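Inside the fold
Here is what each chain is made of, one letter per residue.
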Amino acid sequence: MENTFTVETIAVRRGQLYLVTLSDGREVEVDRRTWDESPYRANSALTEESLSALLSLSEENRARDRALYLLSRRDYTKKELSEKLRKAAGREVCAATAERMEELGLVDDESLAVRYAREYCLVRHYPKRRAVQKLREKGIDRDVAAEAVEKIGADDLQAALAFLDKKCYTQKDEQNRRKIADALARYGFDYDTVRTALRQTEQEEESC
């Protein structure tokens, strides 16, 4: 016969939690809604199975409530949301919760990828490959990231020229040209783009 134990005390904890003390000396945290909707109260008897089910439900509810709160403040990719939930639940529950938020339309990696791509390529003037890498770091699928960058019409040469204009780089001498080339390379532009951008800015300066 499975061992049973009883609920001895129920104390309010930080946030929306109860600290439940059991007759075998254990203390467990259960979110208030899960506990209040359960059949258990002080002096209730539980088995290991019923306790495990209660704690699993509490973990799922805590993760869901936390996800809804986070998404009410800003958008997250599915991966970002799953990682952000780790304080509320275990890895599998966090992943399942993020998946559920996607099913509900509250998480949309494709639309978010386009929004981030605009910021990276059109505002920060990242080259396309750097923008794709930044999207990948947010957990967005590589194909989705690449498609988003293409969808906004990103162009590496235009980004390089915009970057130089923003930084007010000019090619007054050979040393300054090397400085410009190094800056573009560090920013992630490839050799051909750097060379073309240098040639075009030099032509523009000569025509002034």
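Criteria and cut-off values
Residues numbered from 1 in each chain as written. Predicted model: local features only at pLDDT ≥ 70, side-chain atom pairs only at ≥ 80, totals over all residues. Heavy atoms only, no water. Helix = DSSP H or I, 4+ residues; strand = E, 2+ residues; numbered from the N terminus. Rg over C-alpha atoms; globule rule 2.2 N^0.38 Å. Buried < 20%, exposed > 50% of the residue type's maximum accessible area, 1.4 Å probe, protein only. Contact = heavy atoms within 4.5 Å. Lys, Arg positive; Asp, Glu negative; His and termini not counted. Charge placed at Lys NZ, Arg CZ, Asp CG, Glu CD. Pairing = 2+ DSSP bridges.

1. With respect to the overall build of the chain
A tally of helices and strands in the chain yields 10 helices and 4 strands. Order of helices (α) and strands (β) in the chain, N terminus to C terminus: β-β-β-α-β-α-α-α-α-α-α-α-α-α. Taking 208 residues into account, the globule formula puts the C-alpha radius of gyration at 17 Å, and the chain, at 27 Å, lies well above it. Over its C-alpha atoms, taken along the principal directions, the chain stretches across nearly 90 × 30 × 30 Å. Per-residue burial over the chain gives 39% buried out of 208 residues. For the chain, restricting intrachain contacts to residue pairs at least 6 apart in sequence, the fraction spanning at least 24 positions comes to 54%. Placing the 38 positive and 41 negative side-chain charges of the chain at their respective mean positions leaves the two points 5 Å apart.

2. Looking at the side chain of Lys-138
Within the element layout of this structure, Lys-138 appears in the loop between helix H6 (128–137) and helix H7 (142–151). Among all residues touching Lys-138, those that are not within four sequence positions of it are Thr-77, Lys-79, Glu-80, Tyr-116 and Tyr-120.

3. Some words on the pairing of strand E2 (residues 17–22)
Side chains on a regular strand alternate between the two faces of the sheet. Among the 6 residues in E2, 6 count as buried, and that is most of the element. Going residue by residue along E2, you find Leu-17, Leu-19 and Thr-21 tucked away on one face and Tyr-18, Val-20 and Leu-22 tucked away on the opposite face as well. One ladder, built from 5 bridges, connects strand E1 (residues 4–12) with E2; its direction is antiparallel. Its bridge partner lying in E2, Ala-11 is registered against Leu-19. Counting the residues between successive antiparallel strands, the hairpin from E1 to E2 contains 4 residues, one of them, Gly-15, with a positive phi of roughly 60°.

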